[in-house]
Amino acid sequence: MKLDRRDLFAKLGGVAAVAAMTHEARADALEHYMMLAAAGPTGSVGSSPASMPASMAADKKPFPTVAEIEAQIETSPKRKGVGNLFTARQGNVKRLPPLPAKPTLIDYFKLRFTNTANHCLQSANRAMKTGMSEEVVLACLLHDTVQELIKVDHGYWGAQMYEPYVSPQVSFAIRYHQALRFYEDKEHGYEYPDLYRRMFGIDYKPEPYIEQAYKDALNHKWYMTSRLICVNDLYSFDPNVQVTLEEFEDVLGRNFRQPAEGLGFDNSPVAHMWRTLMWPTRFL
Ligand SMILES: [Fe+2]
Ligand SMILES: [Fe+2]
């Protein structure tokens, strides 16, 4: 995807308005613009930084350091880890449509995963079109949806949220994509994205627990299931690709254990996560 600078500046209110923005506001605006462009006319957007094109470095701006990114923390009213449902990218949050009494995964996709659905659908579509296994397709379909709830450590949160309903291989893949995205595997088609240099800092070193998770995953029989999430991620911000959830109904029917009571009401250890997605406005 190519960045149209003139269009970006126009959307942000012109050169003077951009000049008045903090560095972080500019970075957020840029990220938002790219995601909207990727989402295409439906307005459903993706949200994983890993999916940003490597050409981001073409803007010739030097990558920030970890210290420079740290220094930006107190320039924002929100922390970067906050989930998409809890904050508006622009203006105020919107009233959310109610979910059915016994909501299914498809209901959540249509009514709550509006920021992450398109990216995840594209990712799963690529997995399916390139003949990857159903485990990979499902893992791709679900991999970033928990970012509606929370972004920090989203691989771990996502794996946990889906664990009661998918195979151990699929939850493994979702969990470990958190770590694998920070480590290249060019042999299998994954290069470290320039956007990570931009967002985490050029000198960023993942925490020891992430490095350990990477090493553990490398030697695991399901390494490639998780690695392929990262590989498909890189190609999943194409505004010209519109994928519908219906294409995955069969895969979901065979691989997703939909609880009869509805997600949020099955008394599973993660039911509260689904209820939080359902009612993010309930403040206590
Ligand atoms: Fe992603
Ligand atoms: Fe992700």
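Residues numbered from 1 in each chain as written. Chains lettered and ligands numbered in written order. Predicted model: local features only at pLDDT ≥ 70, side-chain atom pairs only at ≥ 80, totals over all residues.

1. Examining unusual backbone geometry
Point 1. One non-glycine residue, Asp153, lies in positive phi territory at about 55 degrees.
Point 2. Within the element layout of this structure, Asp153 appears in the loop between α7 (134-142) and α8 (154-162).
Point 3. Of note, the phi angle at Asn267 is positive, near 60 degrees, even though the residue is not glycine.
Point 4. If you trace the backbone, Asn267 turns up in the loop between α13 (249-255) and α14 (271-278).
Point 5. Asn267 sits in the exposed class, given 8 other C-beta atoms within 10 Å. (Helix = DSSP H or I, 4+ residues; strand = E, 2+ residues; numbered from the N terminus. Buried ≥ 20, exposed ≤ 12 C-beta atoms within 10 Å, placed from the backbone.)

2. Looking at the confidence of the model for the chain
Point 1. Predicted confidence across the chain gives a mean pLDDT of 85, with 79% of residues reaching 70 or more.
Point 2. In the predicted structure, residues 9-25 sits below a pLDDT of 50 and forms 15 contacts with residues beyond four places in sequence or in another chain.
Point 3. Considering only residues more than four positions removed or in separate chains, one finds that residues 38-57, a stretch of pLDDT under 50, has 66 contacts. (pLDDT = per-residue confidence, 0-100. Contact = placed C-beta atoms within 7 Å.)

3. Things to note about the environment of Tyr165
Point 1. With respect to the helices and strands, the residue Tyr165 is situated in the loop between α8 and α9 (168-180).
Point 2. When the C-alpha positions of Tyr165 and Asn255 are compared, they lie 8.2 Å apart, and in sequence the two are 90 residues distant.
Point 3. Sequence-distant contacts of Tyr165, defined by excluding residues within four places in its chain, comprise Phe256 and Arg257.

4. Brief notes about the environment of Lys102
Point 1. Relative to the assigned elements, Lys102 resides in the loop between α4 (66-71) and α5 (105-111).
Point 2. Sequence separation of Lys102 and Leu263 is 161 residues, and the distance between their C-alpha atoms is 6.9 Å.

5. Things to note about α7
Point 1. Across the nine residues of α7, eight count as buried, placing the element largely inside the fold.
Point 2. Within α7 the residues assigned to the buried category are Glu135, Val136, Val137, Leu138, Ala139, Cys140, Leu141 and Leu142.
Point 3. Contact partners of the buried residues in α7: α6 (117-129), α8, α9, α12 (223-233) and α13.

6. Some thoughts on the packing of α9 against α12
For any two helices packed against each other, the geometry is given by the interaxial angle and the distance between the axes.
Point 1. It is at 7 Å that the axes of α9 and α12 come closest, and there the two elements cross at 55 degrees. Relative to α12, the element α9 lies oblique. Considering the relative orientation of α9 and α12, their crossing is right-handed. Mapping the contact onto sequence places Gln169, Phe172, Ala173, Tyr176, His177 and Leu180 in α9 and Thr225, Ser226, Arg227, Ile229 and Cys230 in α12.
Point 2. Looking at the contact of α9 with α12 residue by residue, the classes come out as six nonpolar, four polar and one charged. (Axes fitted to C-alpha atoms, helices over the stretch in contact; angles between N-to-C directions. Parallel < 35°, antiparallel > 145°, perpendicular 65-115°, else oblique. Left-handed = near helix turned anticlockwise from the far one by under 90°. Nonpolar A, V, L, I, M, F, W, Y, C, P; charged D, E, K, R; others polar.)

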